[in-house]
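As a plain string of letters, each chain reads:
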Amino acid sequence: MKKTLILLSALLVLPMTAHAHSVLESSTPAEGSVIAEPLEQVVLDFSAGIEQGSDMSMTMDGTAVDFSEVAVMEDQLIGTPAQELEDGSYVVEYDVLSQDGHPIQGSLAFELQAGEEEAAQEEQAEEAAQEEQAEEAADEQEAEDEATESEQTEASDVEQASSGEPEAPSEDAGSSMTLIIAGIAIILLIAAVVLMRRKR
């Protein structure tokens, strides 16, 4: 008789064990995590299937955040925020009904700091752009300096050439003057000889 009662008790306990209620196994974001990228969905993973009608809510620094959709996908509860989430401290509260009809309630918290990451990326991009502009300005200045140096060299060459040109006309002028003086001297000499002959 005792063996029969034990067997019956075991048969009653097994179905109850097989239909044990679900528990939260993991989440995205995880409890206590710090998120550095924009968050598009909150996903709660349970140990077993959950029923339609399960729901979740979320607050940021005490202010309610709306979901555009909260969907049940077998053993997952997925919430999609209606708007892009701002940086801050978030708390997600869930009210889930497991397949055995047992209600499950709980909460998890996480930090969102996506804006700081974006600001750092923008700062890096700005610094890179400034460095590129500085390099371009240095290249332009170098090109201008080379052009100026080339112009100065050309001007110096022209000046040297022009300063050397008058020397040739000066020599030519001296030679011409010598010939003229020599011609005049010859004429005067001839005239003197003619006069001397006439006096005789």
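Reading the values: rules and limits
- Residues numbered from 1 in each chain as written.
- Predicted model: local features only at pLDDT ≥ 70, side-chain atom pairs only at ≥ 80, totals over all residues.
- Heavy atoms only, no water.
- Phe/Tyr/Trp six-rings, centres within 6.5 Å; stacked < 30°, edge-to-face > 60°.
- Helix = DSSP H or I, 4+ residues; strand = E, 2+ residues; numbered from the N terminus.
- Buried < 20%, exposed > 50% of the residue type's maximum accessible area, 1.4 Å probe, protein only.
- Pairing = 2+ DSSP bridges.

S.K.: Please explain the packing of aromatic side chains as it appears in this structure.
M.R.: Pairs of aromatic rings are described using the distance from one ring centre to the other and the angle between the two planes. Taken as a whole and assessed by the stated rule, the structure comprises 2 aromatic pairs. With centroids separated by 5.8 Å and ring planes inclined at 75°, the aromatic side chains of phenylalanine 46 and tyrosine 94 adopt a geometry described as edge-to-face. Of this pair, phenylalanine 46 sits in strand β3 (residues 42-46) while tyrosine 94 is found in strand β8 (residues 88-97), placing the two residues 48 residues apart along the sequence. Like phenylalanine 46, the residue tyrosine 94 is buried in the burial classification. Ring centres of tyrosine 90 and phenylalanine 110 lie 5.3 Å apart, and the angle between their planes is 5°; on these two criteria the pair is classed as stacked. Of the two residues, tyrosine 90 sits in strand β8 while phenylalanine 110 sits in strand β9 (residues 103-112), which places them 20 residues apart along the sequence. Phenylalanine 110 gets classed as buried once you look at its relative accessible area, which sits at 2%.

S.K.: So what exactly am I meant to see when it comes to unusual backbone geometry here?
M.R.: Trans is the common state for peptide bonds, and a negative phi is the common state for residues other than glycine. The amide bond that connects threonine 28 to the next residue, proline 29, takes the cis arrangement and shows omega of 5°. With respect to the helices, strands and loops of the structure, proline 29 is situated in the loop between β1 (24-28) and β2 (34-35). The backbone phi angle of aspartate 61 is positive, close to 50°, even though this residue is not glycine. Turning to its location among the elements, aspartate 61 is positioned in the loop between β4 (55-60) and β5 (63-65). For glutamate 74, which is not glycine, the phi torsion reads 60° and is therefore positive.

S.K.: Looking at this model, I keep getting lost on the sheet that holds β4. Mind explaining?
M.R.: In sheet architecture, strand pairing relies on hydrogen bonds along the backbone and comes in two forms, parallel and antiparallel. The strand order across the open sheet built from 5 strands is β2-β9-β8-β4-β5, with neighbouring strands paired in mixed fashion. The open sheet has two free edges, formed respectively by β2 and β5, since each of these has just one partner strand.

S.K.: Before we go on, may I ask you to explain the pairing of β3 in this structure?
M.R.: The two faces of the sheet receive side chains in turn, since in a regular strand these alternate between them. Counting buried residues along β3, 5 of its 5 residues qualify, which places the element largely inside the surrounding structure. Both faces of β3 are covered, namely the face carrying Val42, Leu44 and Phe46 and the face carrying Val43 and Asp45. Direction of pairing for β1 relative to β3: antiparallel, over a ladder of 4 bridges. Along β3, the bridge assignment pairs leucine 24 with phenylalanine 46. The sheet contact formed by β3 and strand β7 (residues 76-81) spans 4 bridges and is antiparallel. Within the sheet, the bridge partner assigned to valine 42 lies in β7 and is glycine 79.

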